[in-house]
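# Results of the structural survey
If you want the building blocks of each chain, they are given just below.
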Amino acid sequence: MDLTATVAKMQIGIFSSTSNGTIDDIISEAKLVEQDGFFSYWMSQIFSHDALTVLALVGRSVPRIELGTSVVPTYPRHPMMIAQQSHTVNAAIDGRLCLGIGLSHKVVIEGMMGMSFDKPVRHLREYLSILGPLSKTQKVSFSGEVYTTHAELAIAGAKPFGIVVAALGEQMLRLTAAMADGTLTWCTGPKTLASHVVPTIRTAAKELGRPTPRVIAALPVCVTKDVAGSRERAAKVFAIYGQLPSYRAMLDHEGVAGPAEIGIFGSASEVVDRISDLDAIGVTDFAAAEFGATPDEVANTRAALKSLL
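This is a predicted model, so every value here is computed, not measured.

### Details of the pairing of strand β10 (residues 214–223)
- Burial runs high along β10: 10 of the 10 residues are buried.
- Going residue by residue along β10, you find Arg214, Ile216, Ala218, Pro220 and Cys222 tucked away on one face and Val215, Ala217, Leu219, Val221 and Val223 tucked away on the opposite face as well.
- Relative to β10, strand β9 (residues 182–186) is paired through five bridges, and the arrangement is parallel. Within the sheet, the bridge partner assigned to Leu184 lies in β10 and is Ile216.
- Remark: the β9/helix α7 (residues 190–207)/β10 crossover connection has right-handed handedness.
- Pairing between β10 and strand β12 (residues 285–290): six bridges, direction parallel. Bridge pairing in β12 links Leu219 to Ala288.
- Relative to strand β11 (residues 264–266), β10 runs parallel, the two being bridged by three bridges.

Structure, rendered in structure tokens:
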């Protein structure tokens, strides 16, 4: 299976809901995702487990599906080091890694880590200038304003791995089209995907003669009879995302007050229809963040997602 190829039909994956659990919890969840026939399994990188390390373990028990990070912040890790770690993980899981990276947020990088969040577009361009060749097992020779690297990696079993960027703004999308395999979005609704994300990244790629990029959209999903209750719960769980500038810009573009309003909540047929609509606007992959609150909601949400396979 060529995990970096453009797909003809939108692929369905699952966003981990146990990333704050134990390693065994995560492996069990990923096993079920694979058994249920999904294309991919995505791990977040926030303040719990290191996503790449976990996926190396997951991939030894889950042998077939794509495993991706959503997303590893760039600023704390030198691009050569993340390339080395990613190649090690990719060798352990037989070439099924999709490395999702992102800038994170100023409040995290500067406020929590005490690092500079200066000139993020320049940072990403230089970062990908090093990570890109190394991801393809090539030697890199690059001298920039922030990063300079003249090196190559020699990792037994290394295979090229795909790179997607959590790119939302126009400059970041155009840069991603030029230097990565696609984008992975969160808190970005269908109107914004259709009018901004998909056309911006696809047009930029076409102008550069690059392959059609992946657009991996992640949204909360719940099959429920209590849509108002799900939205109320989502408003609390996802409140922080409505306050972070990059996500706030996408929510404003969508014309909604907060993340709860772009959650895919409703009957099974409504959920299936709304996810299917994303295919028509050019989303290549959908990563469902399952949001059921009761056993029935959990089971019915998974059943609806399986019906899309």
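From this point, the discussion proceeds with the structure in view.
### Considering unusual backbone geometry
- In this model, Ser70 is joined to Val71 through a cis peptide bond whose omega is -5 degrees.
- Assignment of secondary structure puts Val71 in the loop between β3 (66–69) and β4 (72–73).
- Of note, Ser104 is a non-glycine position whose phi angle comes to about 70 degrees, a positive value.
- Position of Ser104 among the secondary structure elements: in the loop between β5 (97–102) and α4 (106–112).
- Despite not being glycine, Thr137 has its phi angle at roughly 65 degrees, a positive value.
- Positionally, Thr137 belongs in the loop between α5 (120–135) and β6 (140–143).

### Re the state of the cysteines
- For the structure on display, the rule yields zero disulfides.
- Sulfur of Cys187: no disulfide; nearest cysteine sulfur belongs to Cys222 and is 17 Å away.

### A word on the pattern of salt bridges
- The final tally for this structure, using the stated rule, is 12 salt bridges.
- For Arg302, the salt bridge identified is with Asp36, shortest N-O distance 2.7 Å. On the criterion of sequence distance, the pair formed by Arg302 in helix α11 (residues 295–306) and Asp36 in the loop between α1 (23–35) and β2 (40–43) is long-range, its members being 266 residues apart. Each member of the pair Arg302 and Asp36 is classed as buried.

### As for the packing of aromatic side chains
- Under the defined criterion, the tally for this structure stands at nine aromatic pairs.
- On the numbers, 5.8 Å between centres and 80 degrees between planes, the contact of Trp186 with Tyr241 is edge-to-face. In this pair, Trp186 sits in strand β9 while Tyr241 sits in the loop between α8 (227–237) and α9 (245–254), placing the two residues 55 residues apart along the sequence.
- In this structure Trp186 comes out as buried when scored by relative accessible area, which is 13%.
- Between the aromatic rings of Tyr241 and Tyr247, the centroid separation amounts to 5.5 Å while the plane-to-plane angle is 80 degrees, which identifies the pairing as edge-to-face.
- Given the relative accessible area of 14%, Tyr247 is considered buried.
- Within the aromatic cluster, the residues linked to one another by ring pairs are Phe15, Trp186, Phe238, Tyr241, Tyr247, Phe265 and Phe291.
- When the ring centre of Phe291 is taken as reference, the NZ or CZ atom of Arg233 above it lies at 3.9 Å.

So, how was this worked out
- Residues numbered from 1 in each chain as written.
- Predicted model: local features only at pLDDT ≥ 70, side-chain atom pairs only at ≥ 80, totals over all residues.
- Heavy atoms only, no water.
- Buried < 20%, exposed > 50% of the residue type's maximum accessible area, 1.4 Å probe, protein only.
- Helix = DSSP H or I, 4+ residues; strand = E, 2+ residues; numbered from the N terminus.
- Pairing = 2+ DSSP bridges.
- Right-handed = clockwise from strand over helix to strand, strands pointing away.
- Disulfide = S-S within 2.5 Å.
- Salt bridge = Lys/Arg side-chain N within 4 Å of Asp/Glu carboxyl O.
- Phe/Tyr/Trp six-rings, centres within 6.5 Å; stacked < 30°, edge-to-face > 60°.
- Lys NZ or Arg CZ within 6 Å of the ring centre and 35° of its normal.

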